[in-house]
Amino acid sequence: MPTFTTELTKSVRALDTFDFTLPNALEASAPPEARGLRRDQVRLLTSCTGCDCMDHGQFEDIGQHLRAGDVLAINTSATLKAAVTAMRETDGAPFVIHFSTRMPGDLWTVEVRVPDGGTTRRWSSAKPGERYVLPEGGIAQLLTPYAPVQRQVGSDVRLWVAVLDLPLPVLDYLDRVGRPIRYSYVPDAWDIGYYQTVYANSPGSAEMPSAGRAFTPDLITALTARGVQFAPLVLHTGVASLEENEPPYEEQFHVPASTAALVNAARGAGRRVIAVGTTVVRALEAVTDDDGVTHPGEGWTDVVISPERGVRAVDGLITGFHEPRASHLAMLEALAPRAHLMRVYHEAIATGYLWHEFGDLHLLIRG
C-alpha cells in the first residue's frame with residue numbers, strides 16, 4: 001500500500017475566502033437531542049450547482065436527494081477526550097492543553113489555552129521549553145511552534161510541537177483524564193458520546209468529524225436498502241476554529257483498498273461519490289491522481305483544497321455551515337461557484353440554520 005507523507009514543518013499561507021456576518025443566535029449551543037430532536041432531525045439545506053437551486057428539509061429525508069449506486073464516503077475516526085487540565089510548572093498558573101495531532105516520533109501538536117468562565121480561550125504567550133503539569137503526574141513540554149513562519153520573536157503561536165511524559169499510552173491517558181473539546185458557544189459540558197458519529201471506530205480526532213453526526217443506524221439501513229453504498233476511511237482531525245484565511249495543517253489519514261475500489265467503480269459507472277465531511281474530501285484528494293484514479297494510501301496529508309486546485313474524487317459534499325473566512329469555504333468553492341455558495345449562506349442565515357458541530361447540514365451537489 002502506498003504511503004503518502006509530507007513535510008510536517010510547512011509554512012501556511014492565507015486563502016481567499018468569502019466573508020459574512022454570523023449572528024450569535026445561529027451558533028448551536030447544545031446537541032439537537034437537548035432540543036428534543038433525534039440526530040437525523042436536524043435541518044438539511046440541499047443545493048445543486050447545475051440548476052443553482054436549493055431545497056429545505058430534514059436530514060432524515062436525505063434519501064430523496066440520493067440515487068441507487070451513489071457512494072457516501074464516511075470518516076470513521078472517533079473523537080478523543082482531547083482537552084486536559086494543566087498548570088504551568090514554573091508558577092502553578094491554570095491552563096488547559098488541547099491535544100491536536102499525533103506526529104512522527106510520538107510527538108504531538110498541542111494548543112495552550114486558559115480557563116475562561118465555563119470554557120477556555122486561546123493563550124498566545126506560551127514560550128519554547130515551557131512545561132505544563134498534567135493530571136496524575138503527566139508532563140507536556142513545548143518544543144517549537146508548529147508552523148515555521150511563527151518561529152520568530154513576537155509571533156502569535158496557535159499550535160506547538162510538544163513532547164509528552166505520561167503515565168499511560170496517550171489514548172488511554174486521554175480517555176482517563178480528558179474531556180471533549182468545546183468552545184464558548186457551547187456553555188455546558190456534554191459526554192463524549194455526543195461527540196461521536198454512530199460509525200466511529202478509530203480513535204484519533206481532536207474534534208468530531210461532525211458532518212456525519214446526523215446519521216443514525218436506522219437511516220444508514222434505509223439508505224443501504226435503497227442502493228446507496230457506504231465507503232469508510234479515516235482522517236484524524238486536529239483542533240478546528242483555525243484563524244481566518246488559514247489553511248488546515250497536516251492530518252493523518254488512511255484510505256483502504258476497498259474504499260478506493262468503490263470510489264473508482266462509482267466514477268467509472270457514472271455514479272456519484274459524495275463525501276460526508278470536508279475531512280473525507282481531503283483524504284480522498286490526497287490519494288487521487290491527475291487522471292481521477294483513487295488509490296489506497298495512508299500517512300499525513302498537507303493537501304489544501306481550493307478553487308485553483310479543484311477536486312478530482314468527489315461529486316458532492318455533506319457538510320456543516322462554516323464560519324466567515326474559514327478555510328473550508330475554499331474547499332466548497334472547488335465544488336461550487338462563490339456566487340452559488342453566497343446565495344446558500346444568505347439563505348441559511350435568513351431561514352435560521354444552525355452552525356457548528358451540533359448544528360444543521362448542507363448537501364452540496366455539483367452538476
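Structure: see above.
Residues numbered from 1 in each chain as written. Predicted model: local features only at pLDDT ≥ 70, side-chain atom pairs only at ≥ 80, totals over all residues. Heavy atoms only, no water.

### Some details on the environment of His56
The test is simple: The way it works is that DSSP assigns letters per residue, a run of H or I at least four long becomes a helix, a run of E at least two long becomes a strand, and they are numbered from the N terminus. Whether a residue is buried, partly exposed or exposed follows from its accessible area with a 1.4 Å probe, protein chains only, as a fraction of its type maximum: under 20%, in between, or over 50%, in that order. Any pair of nitrogen or oxygen atoms within 3.5 Å is treated as a polar contact; in protein, a donor-acceptor pairing is required on top of that, and neighbouring residues in sequence qualify only through side-chain atoms on both sides.
For His56, the position within the fold is in strand E3 (residues 53-58). For His56, a relative accessible area of 36% translates into the label partly exposed. As for His56 and Leu44, which are separated by 12 residues in sequence, their C-alpha atoms are 6.1 Å apart. Among the polar contacts listed, one links the side chain of His56 to the side chain of Glu347, at a separation of 2.8 Å. Of note is the side chain of His56, whose polar atom sits 2.7 Å from the side chain of Tyr353.

### A word on the pairing of strand E17 (residues 297-301)
Heads up, the rule is: Strands were regarded as paired on the criterion that DSSP finds at least two bridges between them.
Burial analysis of E17 places 4 of its 5 residues in the buried class, the great majority of the element. Where strand E15 (residues 251-255) meets E17, 5 bridges bridge the pair, whose relative direction is antiparallel. Looking at the pairing, Glu251 lines up with Thr301 of E17.

### Observations concerning the pattern of salt bridges
Operational definition: Salt bridge criterion: a side-chain nitrogen from Lys or Arg within 4 Å of a carboxyl oxygen from Asp or Glu.
For the structure on display, the rule yields 18 salt bridges. A salt bridge links Glu33 to Arg39; the shortest N-O distance between them is 3.5 Å. Overall, Glu33 belongs to the partly exposed group, its relative accessible area being 28%. Taking the relative accessible area as the measure of exposure, Arg39 reaches 14% and is therefore buried. With a closest N to O distance of 3.8 Å, Arg102 and Asp106 form a salt bridge. Residues participating in the shared-partner salt-bridge network are Glu33, Arg39 and Arg213.

Read these as spatial facts, not as claims about activity.
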